[in-house]
Structure formats: structure tokens, C-alpha cells
Amino acid sequence: QVQLVESGGGLVQPGGSLGLSCAASGSIFSITTMGWYRQAPGKQRDLVATITSDGSTNYADSVKGRFTISRDNAKNTVHLQMNSLKPEDTAVYYCFAGVKQRRWSGAVAYWGQGTQVTVSS
């Protein structure tokens, strides 16, 4: 089994900053892509940012220049630094990881439980 545990959500004022972290544990041989999605009330879950094992990143247009994703391959963790936050960033943020449990197995996506980020004055 694989578990992803997120931390760091909360309430922040517009223009403020917040960092989210996610740690993967369990039966892990390697992790391919890690990243974050978010889901606002009444909306679909949307991609926020991803990072591959070699450090290549991808961001949604709405967060480019404000959010930074990073990871520690040795610790199986991924971090999302969110700056210049806007009310429209309010959502539940979900961490995901593409986990290979054996050298020759395919990667399976695992998800965290979600953490609430609220941007409001």
C-alpha cells in the first residue's frame, strides 16, 4: 500500500503566501511524476502543477509566476509554494504521485486526502 499525506493548508489573506507539502510512504520502488490538483466548490478538479523525477515542471496558466513546485526524491516528498494568493485560489488541494512498486511495473496514481486552502480577507 501507498499513502500520501498532505500538510500546510489554511486561511490566508489575498496577496499572502502558503506552502503545501506532501509525503508519500509505503511500498514504493520509485515515483515518476508528482504534483497537485485543486477543486473549488461546484467545479471540476484541475491541474495546478506537476514535477517529474528529473525536475521538469509544468504549471497551469493561472498560477504561473506565483506558484513553485519542488520535490525531494530521496524523501518522496513534493512541496508547493504559493505566493501572491488570490481569492480564486481557494480550493481543496490534492497531492498525487505516480508510484512504481516494482522495477518493471507501471506507475499507478495515488492521491492524498486533500487539504483546504482559503484565500480571504
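This structure is a prediction, so every number in the text was calculated from the model and none was measured. (Residues numbered from 1 in each chain as written. Predicted model: local features only at pLDDT ≥ 70, side-chain atom pairs only at ≥ 80, totals over all residues. Heavy atoms only, no water.)

*Asks:* Run through the nonpolar core, naming residues and quoting values.
*Replies:* Counting 30 residues, the largest nonpolar core has Trp-36, Leu-80, Met-82 and Tyr-93 as its most contacted members. Of all the elements in the fold, those that place two or more residues in this core are strand S1 (2–7), strand S3 (18–26), strand S4 (30–39), strand S5 (45–51), strand S7 (67–72), strand S8 (77–82), strand S9 (91–100) and strand S11 (115–119). At 5 residues, the largest contribution of residues to this core is made by S9. (Core = buried A, V, L, I, M, F, W, Y, C linked by side-chain atoms within 4.5 Å. Buried < 20%, exposed > 50% of the residue type's maximum accessible area, 1.4 Å probe, protein only. Helix = DSSP H or I, 4+ residues; strand = E, 2+ residues; numbered from the N terminus.)

*Asks:* Run through the environment of Ser-21, naming residues and quoting values.
*Replies:* Inspection of the secondary structure puts Ser-21 in strand S3. Its relative accessible area of 29% is what places Ser-21 among the partly exposed residues. Considering only alpha carbons, one finds Ser-21 and Gln-3, 18 residues apart in sequence, at a separation of 14 Å.

*Asks:* Please give an account of the pattern of salt bridges that cites residues and values.
*Replies:* Under the counting rule described, the total for this entry stands at 3 salt bridges. Measuring nitrogen to oxygen at the nearest pair gives 3.1 Å for the salt bridge that ties Lys-64 to Asp-61. Judged by relative accessible area, which is 64%, Asp-61 ranks as exposed. Notably, a salt bridge pairs Asp-89 with Arg-66, separated by 2.8 Å at the nearest N-O pair. Here Asp-89, found in the loop between S8 and S9, pairs with Arg-66, found in the loop between strand S6 (57–59) and S7; they are 23 residues apart in sequence, far enough to count as distant. Across the pair, exposure class does not vary: Asp-89 and Arg-66 are buried alike. (Salt bridge = Lys/Arg side-chain N within 4 Å of Asp/Glu carboxyl O.)

*Asks:* Explain the sheet that holds S7 to me, and be specific about the residues and the numbers.
*Replies:* With respect to topology, 4 strands assemble into an open sheet ordered S1-S3-S8-S7, the strand pairing being antiparallel. Edge positions in the open sheet fall to S1 and S7, since each of these has one partner strand only. Strand after strand, the sheet turns through a mean of 15° between neighbouring axes, direction not considered. (Pairing = 2+ DSSP bridges. Axes fitted to C-alpha atoms, helices over the stretch in contact; angles between N-to-C directions.)

*Asks:* Any details on the packing of aromatic side chains? Residues and values, ideally.
*Replies:* Inspection of every chain in the model, using the stated rule, returns 3 aromatic pairs. With centroids separated by 5.5 Å and ring planes inclined at 70°, the aromatic side chains of Tyr-37 and Phe-96 adopt a geometry described as edge-to-face. Note that Tyr-37 is positioned in strand S4 and Phe-96 in strand S9, a separation of 59 residues in sequence. Take Tyr-37: its relative accessible area is 24%, and that puts it in the partly exposed class. Since its relative accessible area comes to 11%, Phe-96 is described here as buried. (Phe/Tyr/Trp six-rings, centres within 6.5 Å; stacked < 30°, edge-to-face > 60°.)

*Asks:* Which residues make up the pairing of S4, and what values go with them?
*Replies:* For a regular strand, the rule is simple: side chains alternate between the two faces of the sheet. Bridge analysis of S4 against S9 gives 8 bridges, and the strand direction is antiparallel. Its bridge partner being in S9, Met-34 is matched across the sheet by Ala-97. In terms of strand pairing, S4 meets S5 through 6 bridges, oriented antiparallel. Considered in S5, the bridge of Trp-36 is made with Ala-49.

*Asks:* How would you explain the environment of Ala-91 if you had to name every residue and give the values?
*Replies:* Tracing the backbone shows Ala-91 in strand S9. The class of Ala-91 is buried, set by a relative accessible area of 2%. Expressed as a C-alpha distance, the spacing of Ala-91 and Gly-8, which sit 83 residues apart in the sequence, is 13 Å. Those residues in contact with Ala-91 that sit more than four places away from it in its chain are Arg-38, Gln-39, Ala-40, Thr-115, Gln-116 and Val-117. (Contact = heavy atoms within 4.5 Å.)

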